[in-house]
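Structure at a glance
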Amino acid sequence: MGRSVQERMHIERYNPYAFCSIFSLSITDDDPRIVKEVVDSKDGKLWKEAMVDEMASLHKNEAWDLVEFSTRRKPIGNKWVFKKKTNEVGKEEKYKA
């Protein structure tokens, strides 16, 4: 006797259109979008410190393991996201990378 075939239920909360409408990321003109903009900016030193802090945090939390890479696999991509954190009066308090 064969296994019964169940139809997968499409749950609305996993609908990509619903997901996109709930979450958004605001990027201001002040926040760099690429590393070259960080290097060339007047706040470059602060952004670089934020990048070093983020890498130290990932290392401290053991967020990854270095492994031999198989040529049959595709690596996971990554991207830096830069954001200035401000307090309630709009004063810049922290640079996050």
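Things to note about the layout of surface pockets
In this structure, the largest pocket spans a volume of roughly 230 Å³. Lining the largest pocket we find W64, D65, L66, V67, E68, F69, S70, R73, K74, P75 and I76. Residues of the lining of the largest pocket, tallied by class, amount to six nonpolar, one polar and four charged. Within this model, the second largest pocket holds a volume of roughly 150 Å³. For the second largest pocket, the full set of lining residues is L46, E49, A50, D53, E54, S57, K94, Y95, K96 and A97. Looking at the lining of the second largest pocket, the elements that each hand over two or more residues are helix 3 (44-60) and strand 2 (92-96). Here the lining of the second largest pocket takes six residues from helix 3, the largest share from any one element.

Quick word on helix 3
Taking 1.5 Å per residue as the helical rise, helix 3 with its 17 residues ought to reach 24 Å, and the 24 Å between its terminal C-alpha atoms agrees with that figure. Among the residues making up helix 3, those that are buried are G44, W47, A50 and M51. Taken end-on, helix 3 shows its buried residues confined to a sector of 120 degrees, consistent with a single buried face. Looking at helix 3, the residues exposed on the side facing more than 90 degrees away from the buried face are K45, V52, D53, H59 and K60. Lining the buried residues of helix 3 we find helix 2 (35-40), strand 1 (83-86) and strand 2. Following helix 3 by one or two positions, E62 has its phi on the positive side, about 50 degrees.

The rules we used
- Residues numbered from 1 in each chain as written.
- Predicted model: local features only at pLDDT ≥ 70, side-chain atom pairs only at ≥ 80, totals over all residues.
- Heavy atoms only, no water.
- 1 Å grid on protein atoms, 1.4 Å probe; cavity = no way out; pocket = protein on both sides within 12 Å on 5 of 7 lines; lining within 4 Å.
- Points joined across faces, edges and corners; volume = space filled by probe spheres on them.
- Nonpolar A, V, L, I, M, F, W, Y, C, P; charged D, E, K, R; others polar.
- Helix = DSSP H or I, 4+ residues; strand = E, 2+ residues; numbered from the N terminus.
- Expected span 1.5 Å × (residues − 1).
- Buried < 20%, exposed > 50% of the residue type's maximum accessible area, 1.4 Å probe, protein only.
- Arc of directions from axis to C-beta.
- Contact = heavy atoms within 4.5 Å.

These figures capture arrangement, not role.
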